[in-house]
Amino acid sequence: MLTKMMDVLQTGRRSDSAHAYIHATRAVHSNLYLACNTKVDKVIIENGRAVAVQTVYVPPPVVALLAS
């Protein structure tokens, strides 16, 4: 976390978690896939190593805005 604070001090720009961690990780690991509105149902393990995950779609909550 201190490294991200140092980045703010050096650049003068704030950073959110996506830019600080996810984008940086995806730049290094091309096999990383992010899926929104999903829940991990099962981790697939081969030879003692996690190689994939089985996911289930979880619909986002419906938000109703009422005008008064």
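Keep in mind that what you see is a predicted model, and the values were worked out from it rather than measured. (Residues numbered from 1 in each chain as written. Predicted model: local features only at pLDDT ≥ 70, side-chain atom pairs only at ≥ 80, totals over all residues. Heavy atoms only, no water.)

**Q** I keep staring at the environment of Leu-32 and nothing clicks. Help me out?
**A** Tracing the backbone through its elements, the reader meets Leu-32 in the loop between helix H2 (17-28) and strand S1 (38-46). Of the residues examined, Leu-32 reaches a relative accessible area of 30% and is grouped as partly exposed. For the pair Leu-32 and Ile-22, spaced ten residues apart in the sequence, the C-alpha separation amounts to 9.5 Å. When near neighbours in sequence (up to four residues on either side) are disregarded, Leu-32 contacts Thr-25 and Arg-26. (Helix = DSSP H or I, 4+ residues; strand = E, 2+ residues; numbered from the N terminus. Buried < 20%, exposed > 50% of the residue type's maximum accessible area, 1.4 Å probe, protein only. Contact = heavy atoms within 4.5 Å.)

**Q** I keep staring at a nonpolar patch on the surface and nothing clicks. Help me out?
**A** Taken together, Tyr-21, Ile-22, Leu-32 and Leu-34 make up a surface patch of nonpolar side chains, about 320 Å² in accessible area. By the secondary structure assignment, Tyr-21 is in helix H2. (Patch = residues over 30% accessible without salt bridge, like charges linked within 9 Å, V, L, I, M, F, W, Y side chains within 5 Å. Areas by Shrake-Rupley, 256 points an atom, 1.4 Å probe, with all protein chains shown as cover. Salt bridge = Lys/Arg side-chain N within 4 Å of Asp/Glu carboxyl O.)

**Q** What am I meant to see in the pairing of S1 here?
**A** Put simply, side chains in a regular strand alternate between the two faces of the sheet. In terms of strand pairing, S1 meets strand S2 (residues 49-57) through eight bridges, oriented antiparallel. Along S2, the bridge assignment pairs Ile-44 with Ala-52. In sequence, S1 turns back onto S2 through a hairpin of two residues, with Asn-47 there showing a positive phi of about 55°. (Pairing = 2+ DSSP bridges.)

**Q** What is the right way to look at unusual backbone geometry in this model?
**A** For residues that are not glycine, phi is negative in most cases, and the peptide bond is trans in most cases. Its identity is not glycine, yet Asn-37 carries a phi of approximately 55°, on the positive side. Since its relative accessible area comes to 36%, Asn-37 is described here as partly exposed. In this structure, Asn-47 takes a positive phi of about 55° despite not being glycine. Mapped onto the fold, Asn-47 is located in the loop between S1 and S2. Asn-47 sits in the exposed class, given a relative accessible area of 84%.

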